[in-house]
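Coordinate inspection notes
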Amino acid sequence: MAKYILKRLAYMLVVFTIIAALMFFLYNLIPGDPARAEVEALKSTLKPEQYEQMYQEARARLGLDQPMVVRFFKWYFGIWTGHFGFSNYYKANVIDIVKEPMMNTLFINIFSTFLALGCTIPLGIYCAVHQQSKFDQGVQVGTIVGYSIPGYIIALIFIYIFSVTLRWFPVSGSKAPGSSLTGFPALMERLYYICLPLIVMTFSALGGMTRYVRAAMIDALSMDYIRTARAKGLREKVVIYSHAWRNALLPVITLIIGWFLGIFSGSIIIENTFNLNGMGQLYYKGLTNQDYELVLAMQMFYTAVSLVGALLIDLSYGLVDPRVRVNK
Amino acid sequence: MSRKMKLVAALLAVMMLVGVLAGCKANTPANTVSGQQITGSTTELSGDWGNAWWTNNAADNDVRSLMNGYGTVVVNQTGEYFFDPTVVAEHSDSTDADGNKTFTMKINKGLKYNDGKEITAKDYVAYMLLAYSPIIKDMGGKVTPSQVYGAAAYQAGEATELAGVRLLGDLEFSVTINADFLPYFYDITYAGVSPLPMQMWLPEGVDVKDDGNGAYFTGLDADKAKETVEKARYLSEKRVCSGPYQLESFDQSSLQAVLTVNPNYAGNFEGQKASIAKVIYVKVITETEFDQLSTGQVDVLQTLSDGEEIDKALDLEAKGGFKTANYLRAGYGKLMFQCDFGPTQFIGVRHAIAYLLDRNDFATTFTGGYGSVVHGPYGLAMWMYEKGEEELNAKLNTYTYSLDSAIKELEEAGFTLNEKGEPYAGEGPRYKKVTAEEAGDYAHNVTLDDGTILMPCIIEWSSSENNPVSELLAVKLANTEATKSAGVVINQHVMTFTELLNYMYRDSSQGDQYAVPTYGMYNLATNFSPVYDMSYSWTSDPELVAQGYNTNFLFDDKLDKLSMDMVYGVESGDNDTYLKLWLEYIERWNELLPEVPLYSNDYHDVYADKFDHYDVSSYWSSIDQLPYMTAKAEK
């Protein structure tokens, strides 16, 4: 097992390095001159020679006067020593910029993931067990609708219904304007503000996961061992949850672990629509502001999370299914 | 008089008295501090309050301008610069034998920061000493030593004293401007300095001194200072402020800034102090900003330019509970030409394109009816325009839409042939017989057997992606029947804005392809600050052109001279001479037409009607107006 993990770690390092190189060169080949963008606004206030001097200084400060390969190695080794880059837009270290949005994204996604799984798994199981019932058919229609409508549209519809018309929830933001609450009241206020985004995220997620769980359960319920279990006279609950669900879990586990790994990544659409200062919005802003060191750092973080996630998924297969347990 | 009538009379008298008292109350200037305003901005706060030395986004600037006050030179509602009488008690200027100009200023006694510490001349001197110091430069700050005498040497670390800044007393200091930058019409802006709260920006024990050769810091350790500066840059709690408001908090998570009235603020240049107790600055997003407004999550939305948004704002106003304010943009969207190659090098072609576009129709369509058209590089709110409007109206060509005029211009420019060198018969693009120099390497040129070079009226247009202006230009200009029948072909090339800039600047450092003149036409936008300085914009100096000056590549001595003389040839205060040169400049520009102004927006703000005295302009935003605003009590 240890040997397998070490082998996988070595493989991950290679993949990480290749992706880092690809990303770095890709972003640096995009036409654009960050140094010019930095000093252009000062042009009208400077004499030409001063403008040129500032421009050259900006180039040197941003490392643009060095060959791209040198810049790559500096950046790459910087990552391993904790220097994730410098945001040219915010004029601050990337690590300092990412902290707050990351906390916000984690806060939202943890609730969202538990809420979505809490709804979709029981719903999927219930629908599979009561296949072709009116409830099942209704859920099928509902999930297809939820699955088909883009999250952005769902968000706007929900804002109109619950915020503008019913006034149950605020339109956007993560706290009341000017609120100075602290401690538990502040937490409650925050939860109130993220209620609507959570509802939208859950509603958007219902379709895919419910159908996936339902399909896995239907497969499992059609197996011979389920018939055998029922023939043995086991209670239906035991048949469903101990026999069917445990076997249906195998294909679902990949999705569930993927969801948990996804708590680090923000939703560009939800965060933008509800004006939440999260990773999705930061990523989008990084791209639109051509803040490539910020974007690169975020992408490398997600690359690392994905690689670790792939390893965890493989290992977790072994935990749920002894047949594929890795011992080498 | 019956008892009943007496009773009615008494009641009427009481009612009148109440009415008079109520009226008196309504007309009394607000001197109580109450209420709050939630201002929405589509730009998010970064929390960098560092005097725009590092970042300069609009939202941070709004908050900075509320926190930082007592600048020696301020700009008023009409974009005019002057010494702030609340700050500057006396000021004078003198010029030495070398032509360097010194502004000496004595500040009023009794000005205080929000923490109660008195503001002295040292605070103003400290601002310049820190701003121009190598410390800020090392920290990536974008402060240019520019005009202040000796600042370049000081910033480079070659001098410890800043020769051009003198501490002359507790309340008196001076700033000397390098002769190279004089005379300058806007030289008063060089005397603009704000106080720097040393207790926040510098380590303990640092002081400002002057031994006669220029001001300098004492007890300054650069490494310690960098730490203090970095902390001060982002400090949100107990921040030392000198403006009408003080920062109460900044929430990095929700990106909200809360400001409360600064109790020690002495007032702006008119002695005006804020009466709205709390200002909350929040981010809004375009898609839901009106939902936030209608549900009370924000009170003010600024600078609406989209026709649909403005209609929504006016609808809200009509329903009640909200008001709108509108003002003309000091700037415009434009078609820009590069005038040194291809067909756009010929003035007739540039004129023809202007004639082929119905600019009134374009502006109405694009702005949804909330915009206008200008005929030169000016905004309708500028004082120069207001004073020179009559002359401009008489002299400027408005390039009113006319196919005939376009054809006439093209024919006069020599575009009278077809691709075979025969007279143009109305099919395809027009051609002109050009010299080898005029022809350059333009890709569409045709060389006939006899060596004659013909240039077609085919214009390559660089337009940025996801840009509604580009889309409308394609419909209203590039692909119209009129353009086709005039014998003009406009090829649209959609690209990212960055790539557009690379081509516009001919920036070879980004790739060899950009150095080749490729596109004759670009669509962009421009804004004018109160400092209308177009110097070097039309330079012929190849080095400056290579640095990105004169991106129109229009080399006209008269235009260049006017743009330089207008600011560097006029003493400050000589408005008449400036205006005369400005009018000549606009007229020459209008004749050469290096750009076609497309639309100038009529911006709208929408705000809750609980606020009074909401009076804004393109030079005076709702943030500038905040100290004048009052908030009615909530119902």
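Residues numbered from 1 in each chain as written. Chains lettered and ligands numbered in written order. Predicted model: local features only at pLDDT ≥ 70, side-chain atom pairs only at ≥ 80, totals over all residues. Heavy atoms only, no water.

This part is about the overall build of chain B. Scanning chain B from N- to C-terminus turns up 22 helices and 26 strands. For chain B, the C-alpha atoms occupy an extent of roughly 100 × 85 × 50 Å along the three principal directions. Taken over 635 residues, chain B has a buried fraction of 56%. Residue pairs at least 24 apart in sequence account for 67% of intrachain contacts in chain B once pairs closer than 6 positions are excluded. Accessible surface for chain B amounts to roughly 26,800 Å². Of this, 49% is attributable to carbon and sulfur atoms. Looking at chain B, you have 48 positive and 89 negative side-chain charges, and the mean spots of the two groups are 9 Å apart. (Helix = DSSP H or I, 4+ residues; strand = E, 2+ residues; numbered from the N terminus. Buried < 20%, exposed > 50% of the residue type's maximum accessible area, 1.4 Å probe, protein only. Contact = heavy atoms within 4.5 Å. Areas by Shrake-Rupley, 256 points an atom, 1.4 Å probe, with all protein chains shown as cover. Lys, Arg positive; Asp, Glu negative; His and termini not counted. Charge placed at Lys NZ, Arg CZ, Asp CG, Glu CD.)

The subject of this paragraph is the interface of chain B and chain A. A common measure of how large an interface is: the accessible area buried when the components associate. On the chain A side, the residues contacting the 53 residues of chain B number 52 residues. Interface of chain B and chain A: buried area, both sides summed, is about 4,200 Å²; carbon and sulfur atoms make up 49% of it. It is B:K142, B:S253 and B:Q297 that lose the most area in chain B upon contact with chain A, and together they represent 14% of the buried surface on that side. The tally of links between chain B and chain A comes to 3 salt bridges. (Buried area = accessible area lost by both parts, 1.4 Å probe. Salt bridge = Lys/Arg side-chain N within 4 Å of Asp/Glu carboxyl O.)

Pairing in this open sheet of 4 strands is antiparallel, and the strands run β17-β18-β20-β19 (chain B) from one edge to the other. Every interior strand has two partners, whereas the edge strands, β17 (415–417) and β19 (446–447) of chain B, have only one. (Pairing = 2+ DSSP bridges.)

Residue and element names in this part refer to chain B. Here chain B shows a mean pLDDT of 91. Residues at 70 or above account for 95%. Segment residues 7–30: pLDDT under 50, and 2 contacts once partners within four positions in sequence are set aside and those in other chains are kept. The ipTM, which scores confidence in the relative placement of chains, is 0.80 for this predicted complex, and the corresponding pTM is 0.83. (pLDDT = per-residue confidence, 0-100.)

Glancing now at the nonpolar core. Residues and elements named next belong to chain B. Judged by nonpolar contacts, the single largest core of 147 residues is most densely connected at W53, F173, W201, Y532, Y578, W582 and Y585. With sequence-adjacent residues up to four places away left out, W53 is seen in contact with Y127, L130, A131, I136, G141, K142, V143, L196 and W201. If you look at the next biggest cluster of nonpolar residues, it comprises 47 residues, including A313, F611, I623 and M629. (Core = buried A, V, L, I, M, F, W, Y, C linked by side-chain atoms within 4.5 Å.)

Residues and elements named next belong to chain B. We note that the domain assignment places domain 1 (3–24 + 39–243) and domain 2 (331–413 + 457–601) within chain B. Computed over C-alpha atoms only, the centres of domain 1 and domain 2 are separated by 36 Å. Taken together, the contact between domain 1 and domain 2 spans 11 residues of the former and 16 residues of the latter. When domain 1 packs against domain 2, close to 1,200 Å² is buried across both sides, 59% of that on carbon and sulfur atoms. Counting the contacts that link domain 1 with domain 2 gives 6 residue pairs in polar contact (both at pLDDT 80 or more). (Domains from an automatic or database assignment. Polar contact = N/O pair within 3.5 Å; in protein donor to acceptor, adjacent residues only side chain to side chain.)

In this section: a nonpolar patch on the surface. Residue and element names in this part refer to chain A. Judged by side-chain polarity, Y152, I153, I157, Y160, I161, L166, W168, I268, I269 and Y284 come together as a nonpolar surface patch covering roughly 900 Å² of accessible area. The set of elements that each furnish at least two residues to the nonpolar patch consists of α7 (151–165) and α11 (268–273). With respect to the helices, strands and loops of the structure, I153 is situated in helix α7. (Patch = residues over 30% accessible without salt bridge, like charges linked within 9 Å, V, L, I, M, F, W, Y side chains within 5 Å.)

Attention now moves to the sheet that holds strand β5 (residues 101–107) of chain B. Strand pairing in a sheet relies on backbone hydrogen bonds. The paired strands run either parallel or antiparallel. Residues and elements named next belong to chain B. The strand order across the open sheet built from 4 strands is β4-β5-β7-β6, with neighbouring strands paired in antiparallel fashion. Looking at strand neighbours, the two that pair on one side only are β4 (88–95) and β6 (165–167), the edges of this open sheet. Adjacent strand axes in the sheet meet at a mean angle of 15 degrees when their direction is disregarded. (Axes fitted to C-alpha atoms, helices over the stretch in contact; angles between N-to-C directions.)

This paragraph deals with empty space enclosed by the protein. To find the voids left in a structure, one rolls a probe of water-molecule size over its atoms. According to the stated counting rule, one finds 5 cavities of 30 Å³ or more in the structure shown. When its volume is computed, the largest cavity comes out at roughly 170 Å³. In this structure, the largest cavity is lined by 17 residues; those nearest its centre are A:G173, A:N275, B:S254, B:Q256 and B:K283. Within the lining of the largest cavity, the residues separate by chemical class into 4 nonpolar, 11 polar and 2 charged. Lining the second largest cavity are B:T78, B:G79, B:M382, B:W383, B:M384, B:S529, B:P530, B:Y532 and B:Y619. (1 Å grid on protein atoms, 1.4 Å probe; cavity = no way out; pocket = protein on both sides within 12 Å on 5 of 7 lines; lining within 4 Å. Points joined across faces, edges and corners; volume = space filled by probe spheres on them. Nonpolar A, V, L, I, M, F, W, Y, C, P; charged D, E, K, R; others polar.)

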